[in-house]
Amino acid sequence: MANQGFVRDLNLSEVRDGAKLLQNLAGSTVNDDLLLFAGLSQRKSELFWDSLTNSASIEQSGASLQNAIQFQWDTNYTYTDDDYVDVVPINLLQDISTTYVGFAPAAPVLINSAGPEILYDRGENYTEGNYPSVALTGGNGSGARANIIVDFAGQVSSVEIIDDGLDAYQTTGVGYERGDILEAPSLPGGSGFAIRVNANPWKVALIGNYAWSTNQIVTNKLRVQINNTSNNLNGTYDVDQVGGNNTFAAPQSSTLRAYDVNRKLYSQKKISDNIDLYNVSGNGTLSQWDADVLNIFYNNPNGLTPDPKNDVNYWITYVNSTPPPAGSSRNTGQRVYFYLTGLDDSVFDIDGTGTKDELDYDLLTEYIQSNGNLYTRLTANAVLGASETNAGSLEHSISISVRVEKNPNYTVPENLDRVSKKPYFIIYKNVPQTDNYDNIFDNFSSYGTLQTCTTTVSGYLQTSIGQVKVANGITYRIASKNAIGNSYFVNIVSSGSGFEIGSTIGNNPPLTIINSKSVFDTTSEYGVFDSNGSNKFFLRTNARSSNDSLKTVVLFSENFTLPSYLTNEYSNVPTTTLLPDIVFVRDDALTLSNIQNLEPPQIQDRGNDIYSSNLGGFSYNIRDYSDELSTISSNVDESIYLRSTKYRIDRALYYQREISINGLITSYDPDGLNQTETDILLDNSPGIYISNSLSQITNTLAADFAQKTRSFSSDYNPWSADTDNEQLLTESLNVTINDLVWTNEISLDIGTYQGVSRYKNGNTALGETLDANFNSSLLTQGKSFKLKIEINGEEYYLIMRKP
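From a predicted model like this one, the values you see are computed outputs, not experimental measurements.

### As for the overall build of the chain
So, step 1. Per the secondary structure count, the chain includes eleven helices and 38 strands.
So, step 2. Counting every position in the chain, which comprises 803 residues, the buried fraction comes to 40%.
So, step 3. Partitioning the intrachain contacts of the chain with sequence separation of at least 6 by distance along the chain shows that 66% fall at a separation of at least 24.
So, step 4. Working note: accessible area of the chain is about 43,100 Å², and carbon and sulfur atoms make up 47% of it.

Structure (C-alpha cells):
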C-alpha cells in the first residue's frame, strides 16, 4: 500500500515572502506543482485514526521511560518527532444517501403565503377556477407539477405539489435548491404567481463508523460539520428538532448501549479480518469447535489441572474424543496444541478490552451463529426511508440526518481504507449555560487527570516513580516528582476526574492534591514524540517551547469506570478502548525555526565497519540547507528566464535593465545582413551573439555553436526553409521541436518521402507523395497521419489530421 500519511493541502494564497520561488519547472501553472517555497507558508495536513482498525496502548516511551499512550497504525505513515498536531475527535463516514424532500408527497396543501419550506406569491388577475397538474418552470430542478386553485378575486388560493406515484422516495420535481423560484406560465390570465423554495430541500443521511450515546443530547440544539466530501456538501448544518427533541433513525438493536455497540463493531472487524487465525482446525471455515478450543486454551473454564495451555496430553485426548470438522488440516492433538501455543495472547482479546474472558468467547460464538453479523449498520437508504425516534428512547445512534441546500453529488468511495483524505463528520451540541457548541465525540476528559501533590521530605524519598496505587476507589500512578527548595512535589495520573483539590490521599506516602488538569484535550497543540517514523508515536505537551524541560509526554490513566448509560456489561475498562475516530491535524508551516530540519544528521558511522556500505554512512545527500536552497533558487531563477524570456514566442521581448559587462564585446554579422538600419528590421536578421572568451564566433564549425548563445534577436524563429532540397533547417543546437512556428503564411509540401508508407492501410509501396498519403481513404475517416521529416540528421514526426 502506498504511503497514506499526512495529506498535504497547499493554499498558494497563504504563502508569503516566497512567491518568486513558486514555480513549476514543467511549464504548467503554478497551482499544479510546488517544487520549492522559501519564506513562510501556513499548511495543514491530516492523519486519520480509525478506532476500529488501528490500536493504542499504554506503553513505556523509550525516550521518557514513562507509561504513556502510544498510537499505532496498521500501515506505514510518515511523520517525525516535533511535528505539531491538533487532535480532533471525529466520526469517519461509512455511508451516505440523499433524497429531494422539498416537495414531499405528504406535504400539506399550501393555503397561505408562508410556510417552513415552501411559500408562494398569490399573484393577481388570474382566471378563476381549478387547474390540475400545472407544469412549473424555473429553478435548478425539473418536473415539478401542482394542482392550483384560483379564487374569485383572481388570486391563487391553494397550491398542492403533486406526486407522480412512480417511486416511494421520489416526488414530482427533483433537483431543486434553496432559493429557487418556480412559476406557472400556463396559468391563464394574470401574473405574479411564484413558488419559492424557502428552506434546505435535500435530506442527507450519514452513517458513522462507530456509535454514540443519545440520552445525553435529547434536547440540545445540534449541528453537523461535514468534511472531505464534495463542495456541495462540505459545511456545517443545523439539525431539525421535533417538538423540541432531537430524533434519530432507530438503529439495529436500539437497546444496546454505545460502548457495547462499539465493542461489537471492533470484534466483528477483528474476527473477519483474521478468520484464518481463529480457524484452529484449518479447514477454512470458522466453527463452534474452533471457538470452544480457543476458550478452553485461554480461559480454562472448567478449572482443569494442569492448565490446558501447558498440557499437550490434554489436547491429544480432547481431539480424539471431540474430533474437528471434516477436512481439517489440524486433526491431531499435537497439531492443535502446537498451533495454539504459537498464537499471541492478544488473539483471544476479541473486544480489545485487554482481557481474555467469557465475554470474548460469547462474542466469537455469536459471530459464528449469526454468520458474521455481530452488529450491522443500517444502510443510508434505509435510514432515509425510516421514521425517526426521540433520542430519549434510544440507547445509542450510529446515523444522523440533516437538510442541505443543494444536491450533494457525493458517494462514499468503495475502497475507503485506501482513501488518504477520508470523509468524516462531527456533531456539536449547544451548551445553554455558555452558548458554546461542544464536540459530542470528545470524551478526552475521561482519559485521566494529571494532579500535582505536596508531600513531606520522607514521603518524597520513599516515593517510587511508576508505582500504581489505589485510594478511595480511584487508581493512580506516580508519574514524576521534584523538589524546589524545601518543598516537595509528586505528580500523579489518576483515573477519570481524579481526586478533589485539597484532599489528602494514601499514607505511604500521604499526598495532598493542590491542582489538576486533564491529561488530554482538544484545545491544546501537541508535538509528535518518540516516533519510529513508520507507524507509532507518542505525544507531548508544549510542542513549540524551546525549553525541553517544559515538554512532558502525554500520560494516560490505564483504566476508567464507565457510567451505566454507556454499557450494560462492563464497568472498569481500559482507557484506550474509549478512543473514538481521530484526525491529527499537522501544522506543516515552513518557518525560519523549523527549516533547520533540512540540516544533515551527524554521521556516526563513516563506513569503516560492517554495518555500512562502501559508499559511507547515513546522509541526506545535501551539504547544508543554506547552500542547498541557494542552488535550488539559482536553478529556479534560470528556469524562469528560459520559460519567460529566452524561449518566449508569443510576443516581442525587450530587456529594460541596464547591462554591465566585465570584459570585451564582439559583434558579428556572418551574412552581412545588419549593414543598414533597414536590414536590421528584416525577419532574417541574425541578431547578436554572446559567447565565452574561448569561442571564435567567426568559426562556422557546428561544434563551436555550442559555445554561442543567440540573444536580443527580433527573429525568434530559428527555422529556415531550404526550398531546393525541400527541407527545414536550423543552425541552433538548442531548440525544442514544440517551439516550431512560422512567422509567415506557408504551404507545407515536403515532397516524396522514400520510405515505407506511414498510413495504416497495409500498403507498403515506396514513394507515395505527401498528397497521396494525406488523402488516403483512412484519413477521410478521421485518422491521424504521422509524417517523418529530417532536420540536421535528426528524425522528427509531424502529426496531422484530415479536417
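Picking up where we left off.
### Topic: the sheet that holds strand S11 (residues 156–161)
The strands making up a sheet associate through hydrogen bonds between their backbones, and the pairing can be parallel or antiparallel.
So, step 1. Pairing is antiparallel across the open sheet formed by three strands, whose spatial order is S9-S10-S11. Only two strands of the sheet have a single neighbouring strand rather than two, namely strand S9 (129–135) and S11. The sheet shows a mean angle of 20° between the axes of neighbouring strands, taken without regard to direction.
So, step 2. Pairing of S9 with strand S10 (residues 145–150), which is carried by five bridges, proceeds in the antiparallel orientation. If you follow Tyr-131 over to S10, its bridge partner there is Ile-148.

### So, the nonpolar core
Across soluble globular proteins, you tend to see nonpolar side chains buried next to one another.
So, step 1. Ranked by size, the top nonpolar core spans 57 residues in total, and within it Phe-193 and Phe-425 carry the most contacts.
So, step 2. What Phe-425 contacts, discounting residues up to four positions off in sequence, is Ile-90, Asn-91, Leu-93, Leu-206, Ile-207, Gly-208, Trp-212, Val-224, Gln-225, Ile-226, Ile-400 and Phe-441.
So, step 3. In terms of nonpolar packing, the next biggest core, distinct from the first, is built from 38 residues, Tyr-77, Tyr-447, Val-519 and Val-553 among them.

### Topic: the sheet that holds strand S8 (residues 118–121)
So, step 1. Across the sheet, three strands lie side by side as S8-S13-S12; this open sheet has antiparallel pairing. The two strands at the open ends of the sheet, each matched to only one other strand, are S8 and strand S12 (181–182).
So, step 2. Relative to strand S13 (residues 194–197), S12 runs antiparallel, the two sharing two bridges. Note on S13: the bridge partner recorded for Ile-181 is Arg-196.

### Points about the pattern of salt bridges
So, step 1. Applying the stated criterion across every chain yields a total of 14 salt bridges.
So, step 2. The partner of Arg-223 in a salt bridge is Asp-238, with the nearest N and O atoms 3.2 Å apart. Pair noted here: Arg-223 is in strand S15 (residues 222–227) and Asp-238 is in strand S16 (residues 235–238), with a separation of 15 residues, a long-range link.
So, step 3. When its relative accessible area of 51% is taken as the criterion, Asp-238 is described as exposed.
So, step 4. Its salt-bridge partner being Arg-257, residue Glu-395 comes within 3.6 Å of it at the nearest N-O pair. You can see Glu-395 sitting in the loop between strand S18 (388–390) and strand S19 (397–404) and its partner Arg-257 sitting in the loop between strand S17 (247–249) and helix H1 (258–273), a full 138 residues away along the chain.
So, step 5. By sharing partners, the salt bridges in this structure join Arg-263, Asp-351 and Glu-569 into a single network.

### Comments concerning the environment of Leu-579
So, step 1. As for its position among the elements, Leu-579 is in the loop between strand S31 (572–574) and strand S32 (581–587).
So, step 2. Exposure remark for Leu-579: the relative accessible area of 7% places this residue in the buried category.
So, step 3. Once the C-alpha coordinates of Leu-579 and Pro-89 are considered, the two residues, 490 residues apart in sequence, prove to be 8.6 Å apart.
So, step 4. Once residues lying within four places of it in the same chain are set aside, the contact partners of Leu-579 are Trp-49, Ser-51, Ala-56, Phe-71 and Tyr-447.

### A few points about the pairing of strand S5 (residues 55–60)
So, step 1. Taken together, the six bridges between S5 and strand S6 (residues 67–72) define a ladder with antiparallel strand orientation. Within the sheet, the bridge partner assigned to Glu-59 lies in S6 and is Ala-68.
So, step 2. A loop of six residues connects S5 with S6, the two strands running antiparallel in sequence, and Leu-65 in this loop sits at a positive phi of about 60°.

### Focus on the side chain of Thr-575
So, step 1. You can see Thr-575 is positioned in the loop between S31 and S32.
So, step 2. Residue classification places Thr-575 among the buried positions, given a relative accessible area of 1%.
So, step 3. Contact partners of Thr-575, with chain neighbours within four places excluded, come to Ser-446, Tyr-447, Phe-556, Ser-557, Glu-558, Asn-559 and Phe-560.

### Description of H1
So, step 1. An ideal rise of 1.5 Å per residue puts 22 Å on 16 residues; H1 measures up with 23 Å between its terminal C-alpha atoms.
So, step 2. With respect to burial, H1 is a largely interior element, twelve of its 16 residues being buried.
So, step 3. Where H1 is concerned, the buried positions are Ala-258, Tyr-259, Asp-260, Val-261, Asn-262, Arg-263, Lys-264, Leu-265, Ser-267, Gln-268, Lys-270 and Ile-271.
So, step 4. Residues of H1 that are buried in the fold lie against strand S14 (202–212), helix H2 (275–278), helix H6 (358–369), S19 and S31.

### Comments concerning the side chain of Ser-97
So, step 1. Within the fold, Ser-97 resides in strand S7 (residues 84–100).
So, step 2. Under the relative-accessibility criterion, Ser-97 is labelled buried at 11%.
So, step 3. Separated by 2.5 Å, the side chains of Ser-97 and Asn-381 make a polar contact.

### Comments concerning the packing of aromatic side chains
So, step 1. Scanning the entire structure with this criterion turns up 29 aromatic pairs.
So, step 2. Measuring from centroid to centroid gives 5.6 Å for Trp-49 and Trp-73, while their planes differ by 90°, and the two rings are edge-to-face. Here Trp-49, found in strand S4 (residues 44–49), pairs with Trp-73, found in the loop between S6 and S7; they are 24 residues apart in sequence, far enough to count as distant. Per residue, the accessibility class of Trp-49 equals that of Trp-73, and both read buried.

### Structural notes on the packing of helix H3 (residues 288–299) against helix H4 (residues 312–321)
So, step 1. At a closest axis distance of 13 Å, the pairing of H3 and H4 adopts a crossing angle of 155°. Looking at the two axes, H3 sits roughly antiparallel to H4. Crossing geometry of H3 relative to H4 is assigned as right-handed. In this structure, H3 uses Trp-289, Asp-292, Val-293, Ile-296 and Phe-297 to contact H4, whose residues at the interface are Tyr-314, Trp-315, Tyr-318 and Val-319.

### Re H3
So, step 1. Here H3 contains twelve residues, and its C-alpha end-to-end distance of 16 Å stays within 8% of the 16 Å for a straight helix at 1.5 Å per residue.
So, step 2. Taking burial as the measure, the twelve residues of H3 include nine buried ones, the bulk of the element.
So, step 3. Listed as buried for H3 are Trp-289, Asp-290, Ala-291, Val-293, Leu-294, Asn-295, Ile-296, Phe-297 and Tyr-298.

### A word on the environment of Thr-229
So, step 1. By secondary structure assignment, the location of Thr-229 is in the loop between S15 and S16.
So, step 2. Taking the relative accessible area as the measure of exposure, Thr-229 reaches 17% and is therefore buried.
So, step 3. The spatial distance from the C-alpha of Thr-229 to the C-alpha of Asn-409 is 9.3 Å, given a sequence separation of 180 residues.
So, step 4. Apart from residues lying up to four places away in sequence, Thr-229 is in contact with Leu-93, Asn-234, Tyr-410 and Pro-423.
So, step 5. A polar side-chain atom of Thr-229 sits 2.5 Å from a polar atom in the side chain of Asn-234.

### Structural notes on the pairing of strand S20 (residues 424–431)
So, step 1. Across the eight residues of S20, seven count as buried, placing the element largely inside the fold.
So, step 2. The pairing of S7 with S20 spans two bridges and is antiparallel. Note on S20: the bridge partner recorded for Asn-91 is Phe-425.
So, step 3. Here six bridges tie S15 to S20, and the two strands are oriented antiparallel to one another. When the bridges of S20 are listed, Arg-223 appears paired with Tyr-428.
So, step 4. The pairing of S20 with strand S21 (residues 436–439) spans four bridges and is classified as antiparallel.

What counts, and at which threshold
Residues numbered from 1 in each chain as written. Predicted model: local features only at pLDDT ≥ 70, side-chain atom pairs only at ≥ 80, totals over all residues. Heavy atoms only, no water. Helix = DSSP H or I, 4+ residues; strand = E, 2+ residues; numbered from the N terminus. Buried < 20%, exposed > 50% of the residue type's maximum accessible area, 1.4 Å probe, protein only. Contact = heavy atoms within 4.5 Å. Areas by Shrake-Rupley, 256 points an atom, 1.4 Å probe, with all protein chains shown as cover. Pairing = 2+ DSSP bridges. Axes fitted to C-alpha atoms, helices over the stretch in contact; angles between N-to-C directions. Core = buried A, V, L, I, M, F, W, Y, C linked by side-chain atoms within 4.5 Å. Salt bridge = Lys/Arg side-chain N within 4 Å of Asp/Glu carboxyl O. Expected span 1.5 Å × (residues − 1). Polar contact = N/O pair within 3.5 Å; in protein donor to acceptor, adjacent residues only side chain to side chain. Phe/Tyr/Trp six-rings, centres within 6.5 Å; stacked < 30°, edge-to-face > 60°. Parallel < 35°, antiparallel > 145°, perpendicular 65-115°, else oblique. Left-handed = near helix turned anticlockwise from the far one by under 90°.

Don't take any of this as a statement about function, it's just geometry.
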